[in-house]
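The primary structure of each chain is shown beneath.
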Amino acid sequence: MRKPIIAGNWKMNKTAAEAEKLINELKPLVAKSKPEVVICVPYTDLWIAKNAIAGSKIKLGAENVAWADSGAFTGEISAAMLKEIGVEYVIIGHSERRQYFGETDKTVNMRLVQALKNDLKPIVCVGETLEEREKNKTKKVLKKQILEGFDGITDFTNIVIAYEPVWAIGTGKTATAEDANKTIGYIRSLIKKTFGAEVAKNLRIQYGGSMKPGNAKELMAMRNIDGGLIGGAALKAEDFAGIVNYKG
Ligand code: PGA
């Protein structure tokens, strides 16, 4: 059985003081949660978040990780820096990184290798744009992202994939549960073909894109959907808790 995983992606929101407040509001609301709960926060919030989640079930994640151990990489944050704080998860290849910061499947792969080498658990994002979808290129895009992004990877134990159709991120448009399930099913079949049945069976694949308390239950009921990567709704304690507690 794959354990559901709900992860918040705070993006570039919340100062350290705001982060502490949000976590303190969130803690009691998710105290009895069944899924694994992760918050991926800006680098400057990591220390305060680490202290604020102490004694709770909430796990800590970052929003990226450098591909190099150390050195002349201005603006990057290394795996060792994250590990020292106690970070467990890292988002890699989010569509905003791909769109605005030149992230490619190659750099996704390099960051992924580095995360795994340092025992960080990667949440690797894939997904098609609206234009690609309208041109019927969804499968082709996902195939490239997966084959190149996961090139050379053999151990998927700690990996989570987030399928996030770019047109559904922050737009209020959600893929229908059936549609998301079908596309995630395609991703799983591709993983099976490329990396084997055992990997495909155990790999957790989240849906992301305008997931909210109101649609979480329906999405999570789908056979192939093992969790959510939550942007906007992760910034309010009641909303995020409403998703985490989708079973009621
Ligand atoms: P959203 O973002 O929930 O605000 O659509 C999801 C994401 O970008 O991970």
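See above for the structure.
What this report covers is the structure whose coordinates are included nearby. As the structure is a prediction and not an experimental result, all values here were calculated from the model. Per chain, residues are indexed from 1 in the order of the written sequence. Whole-chain, interface and lining totals are the exception, using all residues; otherwise, since this is a predicted model, local features are given only for residues with pLDDT of at least 70 and side-chain atom pairs are given and counted only at 80 or more. Water and hydrogen atoms were dropped before computing side-chain values, which therefore reflect all heavy atoms in the structure.

### Examining the site of the ligand
Right, so step 1: In the vicinity of the ligand, 13 residues are found, and the nearest of them are Lys-11, His-94, Glu-164, Gly-170 and Ser-210.
Right, so step 2: Polar contacts, as used here, are pairs of N or O atoms within 3.5 Å; protein pairs need one atom able to donate a hydrogen and one able to accept it. Residues neighboring in sequence count only if both atoms are side-chain atoms. Between the ligand and Asn-9 there is a distance of 3.5 Å, counted from an oxygen atom to a side-chain nitrogen or oxygen.
Right, so step 3: Within the backbone of Ser-210, an N or O atom sits 2.7 Å from an oxygen atom of the ligand.
Right, so step 4: For accessible areas, the Shrake-Rupley method is used with a probe of radius 1.4 Å. Any residue's cover is judged against the shown protein chains and nothing else. Calculation on the ligand without its partners gives an accessible area of 280 Å², and the protein chains cover 95% of this total. Whether a residue is near a molecule or strand depends on its heavy atoms: if one lies within 4 Å, it is near.

### Here's the deal with helix 7 (residues 138–149)
Right, so step 1: In this text, helices come from DSSP runs of H or I with a minimum length of four residues, and strands from runs of E with a minimum of two, each type numbered from the N-terminal end. For a helix, the expected span equals 1.5 Å multiplied by the number of residues minus one. With 12 residues, helix 7 extends 16 Å from end C-alpha to end C-alpha; this agrees with the ideal 16 Å at 1.5 Å per step.
Right, so step 2: Inspection of helix 7 places Thr-138, Val-141, Leu-142, Gln-145, Ile-146 and Gly-149 among the buried residues, and these make up the whole buried set. Along the axis of helix 7, the buried residues cluster in a sector spanning 120°; they form a single face. Set apart from the buried face of helix 7 by more than 90 degrees, the exposed residues are Lys-139 and Lys-140.
Right, so step 3: Contact criterion: two residues are considered in contact whenever any of their non-hydrogen atoms come within 4.5 Å of each other. Where helix 7 is buried, its residues touch helix 4 (95–100), helix 5 (105–117), strand 5 (121–126), helix 6 (130–134), strand 6 (160–163) and helix 8 (177–195). Buried residues are those whose accessible area, probed at 1.4 Å on protein chains only, stays under 20% of the maximum for their type, while exposed residues exceed 50% and partly exposed ones sit between those limits. An arc is given here, and it is the one of the directions from the helix axis to the C-beta atoms.

### Overview of the side chain of Ser-210
Right, so step 1: Inspection of the secondary structure puts Ser-210 in the loop between strand 7 (204–208) and helix 10 (213–220).
Right, so step 2: Judged by its relative accessible area of 15%, Ser-210 is buried.
Right, so step 3: At a separation of 2.9 Å, a polar atom in the side chain of Ser-210 contacts the main-chain amide nitrogen of Gly-172.
Right, so step 4: Those residues in contact with Ser-210 that lie beyond four places of it in its chain are Ala-168, Gly-170, Thr-171, Gly-172, Lys-173, Thr-174 and Asn-215.

### With respect to the sheet that holds strand 1 (residues 5–9)
Right, so step 1: Strands were regarded as paired on the criterion that DSSP finds at least two bridges between them. An order of 1-2-3-4-5-6-7-8 is seen for the 8 strands of this closed barrel, with the pairing classed as parallel. Averaged over all pairs of adjacent strands, the angle between their axes in this sheet comes to 25°, without regard to strand direction.
Right, so step 2: Taken together, the 4 bridges between strand 4 (residues 89–92) and strand 5 define a ladder with parallel strand orientation. Paired with Tyr-89 across the strands is Lys-121, a residue of strand 5.
Right, so step 3: Only the stretch in contact is used when fitting a helix axis, every axis being a line fitted to C-alpha atoms; angles between N-to-C directions are given from 0 to 180 degrees. Sheet strands in contact with helix 11 (residues 237–244) are strand 1, strand 2 (36–40) and strand 8 (227–230), and its direction is about 160° off that of strand 1.

### Details of unusual backbone geometry
Right, so step 1: In this model, Lys-11 sits at a positive phi of 55°, which is unusual for a non-glycine residue.
Right, so step 2: A positive phi angle, near 80°, is found at Lys-14, a position not held by glycine.
Right, so step 3: Note that Lys-14 resides in the loop between strand 1 and helix 1 (16–29).
Right, so step 4: For Lys-14, a relative accessible area of 27% puts it in the partly exposed group.

### Some details on the pattern of salt bridges
Right, so step 1: Salt bridges are identified by distance alone: a Lys or Arg side-chain nitrogen within 4 Å of an Asp or Glu carboxyl oxygen. A complete count under the given rule lists 18 salt bridges for this structure.
Right, so step 2: As a salt-bridge pair, Lys-59 and Glu-88 come within 3.9 Å of each other at their nearest N and O atoms. Note that Lys-59 is positioned in strand 3 (residues 59–62) and Glu-88 in the loop between helix 3 (79–85) and strand 4, a separation of 29 residues in sequence.
Right, so step 3: A relative accessible area of 23% means that Glu-88 is categorised as partly exposed.
Right, so step 4: Among the ionic pairs, Lys-144 bridges to Glu-148, the shortest N-O distance being 3.2 Å. Here the residue Lys-144 and the residue Glu-148 both occupy positions in helix 7, the gap between them amounting to 4 residues, near one helical turn.
Right, so step 5: Classification of Lys-144 by relative accessible area gives partly exposed; the value is 44%.

### Points about the pairing of strand 2
Right, so step 1: When you tally the buried positions in strand 2, you get 5 out of 5 residues, the bulk of the element.
Right, so step 2: Residues Glu-36, Val-38 and Cys-40 of strand 2 are buried on one face, and the alternating residues Val-37 and Ile-39, pointing to the opposite face, are buried as well.
Right, so step 3: Pairing geometry for strand 1 and strand 2, over 5 bridges, is parallel. Bridge pairing links Ala-7 to Val-38 in strand 2.
Right, so step 4: Whether a crossover is right-handed comes down to one check: with the strands pointing away from the viewer, does the path from the first strand over the helix to the second run clockwise; if it does, it is right-handed. Traced from strand 1 through helix 1 to strand 2, the parallel crossover comes out right-handed.
Right, so step 5: Handedness of the strand 2-helix 2 (residues 46–52)-strand 3 crossover: right-handed.

That's the geometry; what it means functionally is another story.
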